[in-house]
Amino acid sequence: YGLFFWDTLAQESEAVGTWLDGRLLVVDLAGISMMKAKRAVEFFGKQSKQWPEKENPLPDGFHETVIINVPWVLERLWSTAKRLFPARDAARVRIFRAGDPAYLVELQRHTSLDQVPPRFGGSSKAPLSSFM
């Protein structure tokens, strides 16, 4: 996956004539439950055992991560947990509660809304599968 990730980023950079310094990852936590969160933590725990020195090999592949529809308890947890991450990595994570208008402002810093699926507040006509 890692090789594919970087190879497609290089191809896309060549197509637009400039180096793209990473991808924007949007994570929607609408409908998250404790059970789903527990399964995600277990999955990433298993996956991290495969990473060299237990460190994700692609942290620089994502220019920024935007997490939307964040429940208040996770917002509080992140405000504490981010101190455990390197400042550079923590600064690349933006979290927004449900309905926060600042989310769309942040999103437009990276792309125009006609490139974003309606599910995430945009107006793109492309099927959601083309964004994954």
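All values derive from a computational prediction rather than experimental measurement. (Residues numbered from 1 in each chain as written. Predicted model: local features only at pLDDT ≥ 70, side-chain atom pairs only at ≥ 80, totals over all residues. Heavy atoms only, no water.)

Undergrad: Just to check I follow, could you spell out the overall build of the protein chain for this structure?
TA: For the protein chain, the helix and strand inventory stands at five helices and three strands. Its helices and strands taken in sequence order, the protein chain reads α-β-α-β-α-α-β-α from the N to the C terminus. In the protein chain, the share of contacts with a sequence separation of at least 24, taken over all contacts with a separation of at least 6, comes to 62%. Carbon and sulfur atoms form 61% of the exposed surface of the protein chain, whose accessible area is close to 9,600 Å². (Helix = DSSP H or I, 4+ residues; strand = E, 2+ residues; numbered from the N terminus. Contact = heavy atoms within 4.5 Å. Areas by Shrake-Rupley, 256 points an atom, 1.4 Å probe, with all protein chains shown as cover.)

Undergrad: Please clarify how the sheet that holds strand β1 (residues 23-28) should be interpreted in this entry.
TA: Strand pairing within a sheet occurs via backbone hydrogen bonds; the two strands may be parallel or antiparallel. With parallel pairing, three strands are arranged side by side in an open sheet as β1-β2-β3. Both outer strands of the open sheet, β1 and β3 (93-95), are each paired with one neighbouring strand and no more. Neighbouring strand axes in the sheet, compared pairwise and without regard to direction, differ in orientation by 15 degrees on average. Bridge analysis of β1 against strand β2 (residues 62-68) gives six bridges, and the strand direction is parallel. The residue of β2 that forms the bridge with D28 is I68. (Pairing = 2+ DSSP bridges. Axes fitted to C-alpha atoms, helices over the stretch in contact; angles between N-to-C directions.)

Undergrad: Please clarify how unusual backbone geometry should be interpreted in this entry.
TA: Trans peptide bonds make up the majority, and among non-glycine residues the majority have a negative phi. A positive phi angle, close to 55 degrees, is found at N69, a residue other than glycine. Looking at where N69 falls in the secondary structure, it is placed in the loop between β2 and α3 (72-81). Overall, N69 belongs to the partly exposed group, its relative accessible area being 24%. (Buried < 20%, exposed > 50% of the residue type's maximum accessible area, 1.4 Å probe, protein only.)

Undergrad: Honestly, the pattern of salt bridges in this entry has me stumped. Any pointers?
TA: Side chains that differ in charge, positive against negative, can pair when their charged atoms come close. In total, this model carries nine salt bridges according to the counting rule given. As a salt-bridge pair, R23 and E12 come within 2.9 Å of each other at their nearest N and O atoms. Placement of R23 in strand β1 and of E12 in helix α1 (residues 2-16) is noted, with a sequence separation of 11 residues between them. Between E64 and R94 there is a salt bridge, and its shortest N-O distance comes to 3.8 Å. A residue pair is termed long-range when its members are at least 10 positions apart, and E64 in strand β2 and R94 in strand β3 qualify at 30 residues. Taking relative accessible area as the criterion, E64 reaches 5% and is therefore assigned buried. (Salt bridge = Lys/Arg side-chain N within 4 Å of Asp/Glu carboxyl O.)

Undergrad: I'm lost on the nonpolar core in this one. Help?
TA: Grouped together as the largest cluster of nonpolar side chains are seven residues: V66, I68, F96, Y103, L107, V116 and F120. Dropping the residues within four chain positions of it, V66 is found in contact with L24, L25, V26, V27, R94, F96, Y103 and E106. (Core = buried A, V, L, I, M, F, W, Y, C linked by side-chain atoms within 4.5 Å.)

Undergrad: Is there a simple way to think about helix α5 (residues 102-110) in this case?
TA: Residues lying three or four places apart along an α-helix face the same way, a consequence of the helix completing one turn every 3.6 residues. Regarding α5, the residues found buried are Y103, E106 and L107. Axial view of α5: buried residues confined to an arc of 100 degrees, hence all on one face. Seen from the buried face of α5, the exposed residues on the opposite side, beyond 90 degrees, are V105 and R109. Tucked into the core, α5 has its buried residues touching β1, β2 and β3. (Arc of directions from axis to C-beta.)

Limitation: the analysis is restricted to geometry and does not speak to function.
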